[in-house]
Amino acid sequence: MIPIHDSPAVAAARAAGTPIVALESTIITHGMPYPQNVETARLVEAEVRAHGATPATIAVLDGKLCIGLDDVQLEALAQAKDVAKLSRADIAACIALGGTGATTVAATMIAANLAGISVFATGGIGGVHRGAEDSFDISADLQELAQTPVTVVAAGAKAILDLPKTFEVLETLGVPVIAYGQDMLPAFWSRTSDMTAPLRMDTAAQIAAAQIIRSAMGLSGGQLICNPIPADAQIPAADLAPIIAQALSEAAAQNISAKAVTPFLLDRIFHLTEGRSLEANIALVLNNARLAAAIAAEIADKSGQ
Ligand code: PSU
Ligand code: MN
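Not measured: the values here are computed from a predicted model.

Definitions and limits used
Residues numbered from 1 in each chain as written. Chains lettered and ligands numbered in written order. Predicted model: local features only at pLDDT ≥ 70, side-chain atom pairs only at ≥ 80, totals over all residues. Heavy atoms only, no water. Buried < 20%, exposed > 50% of the residue type's maximum accessible area, 1.4 Å probe, protein only. Helix = DSSP H or I, 4+ residues; strand = E, 2+ residues; numbered from the N terminus. Pairing = 2+ DSSP bridges. Salt bridge = Lys/Arg side-chain N within 4 Å of Asp/Glu carboxyl O. Core = buried A, V, L, I, M, F, W, Y, C linked by side-chain atoms within 4.5 Å. Contact = heavy atoms within 4.5 Å. Patch = residues over 30% accessible without salt bridge, like charges linked within 9 Å, V, L, I, M, F, W, Y side chains within 5 Å. Areas by Shrake-Rupley, 256 points an atom, 1.4 Å probe, with all protein chains shown as cover. Phe/Tyr/Trp six-rings, centres within 6.5 Å; stacked < 30°, edge-to-face > 60°. Axes fitted to C-alpha atoms, helices over the stretch in contact; angles between N-to-C directions. Parallel < 35°, antiparallel > 145°, perpendicular 65-115°, else oblique. Left-handed = near helix turned anticlockwise from the far one by under 90°. Nonpolar A, V, L, I, M, F, W, Y, C, P; charged D, E, K, R; others polar.

Caption draft 1: Up close: the pairing of strand 3 (residues 54–61). Counting buried residues along strand 3, eight of its eight residues qualify, which places the element largely inside the surrounding structure. Going residue by residue along strand 3, you find Thr-54, Ala-56, Ile-58 and Val-60 tucked away on one face and Pro-55, Thr-57, Ala-59 and Leu-61 tucked away on the opposite face as well. Bridging between strand 3 and strand 4 (residues 64–67) involves four bridges; their strand directions are antiparallel. Within the sheet, the bridge partner assigned to Ile-58 lies in strand 4 and is Ile-67. Between strand 3 and strand 4, which pair antiparallel in sequence order, lie two residues; one of them, Asp-62, sits at a positive phi of approximately 50°. Two strands pair when backbone bridges link them, and strand 3 and strand 6 (residues 101–103) are joined in this way by two bridges, in the antiparallel orientation.

Caption draft 2: Just the pattern of salt bridges, in detail. Counted according to the given criterion, the structure contains 14 salt bridges. Between Arg-88 and Glu-144 there is a salt bridge whose closest N-O contact spans 2.8 Å. Of this pair, Arg-88 sits in the loop between strand 5 (84–86) and helix 5 (91–96) while Glu-144 sits in helix 8 (residues 140–147), and the two are 56 residues apart along the sequence. Of the residues examined, Arg-88 reaches a relative accessible area of 42% and is grouped as partly exposed. Across the pair Asp-239 and Arg-276 runs a salt bridge, and its minimum N-O distance is 3.8 Å. Residue Asp-239 is found in helix 11 (residues 237–253), and its partner Arg-276 is found in helix 13 (residues 276–302); the two are separated by 37 residues along the sequence.

Caption draft 3: Fine view of the nonpolar core. The biggest cluster of nonpolar side chains holds 105 residues, and the ones touching the most others in it are Ile-125, Trp-189 and Leu-224. Broken down by element, the residue count for this core peaks at 13 residues, all from helix 13. Excluding its chain neighbours within four sequence positions, the residues that come into contact with Leu-224 are Ile-125, Leu-145, Val-152, Ala-154, Phe-167, Leu-170, Val-175, Pro-176, Val-177 and Ile-178.

Caption draft 4: Geometry of unusual backbone geometry. Here the bond from Tyr-34 into Pro-35 is cis, since omega is 5°, no more than 30 degrees from zero. With respect to the helices and strands, Pro-35 occurs in the loop between helix 2 (26–29) and helix 3 (36–50). One non-glycine residue, Phe-188, adopts positive backbone phi at about 60°. Examined against the element boundaries, Phe-188 turns out to sit in the loop between strand 9 (177–180) and strand 10 (199–201).

Caption draft 5: Spatial organisation of a nonpolar patch on the surface. On the surface, Ile-213, Met-217 and Leu-219 cluster together into a nonpolar patch covering about 310 Å² of accessible area. Turning to its location among the elements, Ile-213 is positioned in helix 10 (residues 204–216).

Caption draft 6: Main features of the packing of aromatic side chains. Under the criterion given, the structure shown has one aromatic pair. Look at Phe-188 and Trp-189: their rings are 4.7 Å apart centre to centre, the planes differ by 75°, and that puts the pair in the edge-to-face class.

Caption draft 7: Just the environment of Ala-238, in detail. By secondary structure assignment, the location of Ala-238 is in helix 11. On the basis of relative accessible area, Ala-238 is assigned to the exposed category, the value being 64%.

Caption draft 8: Representation of the packing of helix 3 against helix 13 within the structure. Running from N to C, helix 3 and helix 13 cross one another at 25°; their axes reach a closest spacing of 8 Å. Comparing the axis directions of helix 3 and helix 13 gives the class roughly parallel. Every pair of crossing elements has a handedness; the one defined by helix 3 and helix 13 is right-handed. In this structure, helix 3 uses Gln-36, Thr-40, Leu-43, Val-44, Glu-47 and Val-48 to contact helix 13, whose residues at the interface are Leu-278, Ile-282, Val-285, Leu-286, Ala-289, Arg-290 and Ala-293. Of the residues in the contact of helix 3 with helix 13, the class split is nine nonpolar, two polar and two charged.

This is a description of form; function is not addressed.
Here's what the structure looks like:
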């Protein structure tokens with residue numbers, strides 16, 4: 001038996017058949033500094049509720065896979081030091097050992113699927129790191145999108161990555177990459193990149209229909225919805241390019257590798273932009289929460305609930 005623990009709010013939503021949106025916890029523990037991390041987590045949950053869905057922030061706490069956290073659990077996680085960053089490879093081990101860990105996109109998809117939740121909002125997925133031809137550092141998020149049937153709403157892949165290679169891998173893996181409301185792929189902190197999206201959709205209903213048809217066809221895997229950051233919150237890609245380059249060269253000089261790379265780069269970019277990158281990150285997560293709630297509502301409707 002997998003020890004899954006629904007929060008009371010998630011259990012009630014499941015019983016009533018009302019929409020639920022999964023949220024990850026690595027963005028809290030490894031993606032943002034305290035206290036903005038917990039403030040953002042609360043705002044994101046409130047945004048999901050304001051748009052008619054129940055938020056389910058996912059984490060492993062003392063060996064329990066928690067689907068939905070209360071405010072005390074959220075605060076404790078946000079302040080905790082040395083929380084594990086869990087992906088497909090280590091989520092079961094963490095549960096077996098009674099540990100505490102935050103779930104990445106990959107692990108949150110696994111947990112959401114187990115819990116019957118088909119829509120998940122985050123900031124940006126992991127992907128192919130720059131220099132991956134030497135480091136082989138490719139996020140397990142990409143493989144997860146290919147096998148687990150959850151629609152992930154993100155502002156694209158994080159712009160610290162090699163975006164063209166990331167989208168090539170997603171194409172190879174058969175993951176639908178859908179830009180929301182525009183032709184171009186967004187680039188996390190910026191509304192656009194120089195890449196045309198393979199697919200475009202303009203409504204939550206279209207996104208929900210595509211997921212339902214994929215499942216009916218027996219196609220494994222989820223969908224990546226690339227939702228551009230709101231215009232008033234974006235940082236132009238040209239402003240960020242030298243900052244990302246500096247953060248990457250610091251990472252190389254300090255031999256940062258494996259799971260530490262993404263948190264290191266986000267933290268350096270936060271300091272180098274004097275907090276501007278964090279403000280943009282918060283705005284884009286809230287925007288993704290709104291769209292995810294709308295998609296979850298459409299899926300609940302279409303599933304006849
Ligand atoms: N989105 C954000 N900030 C984050 C993440 C997503 O706005 O920190 C996290 C997600 O949990 C994602 C992880 O799965 O970064 C990617 O880590 P890696 O590159 O090590 O796979
Ligand atoms: Mn990695």
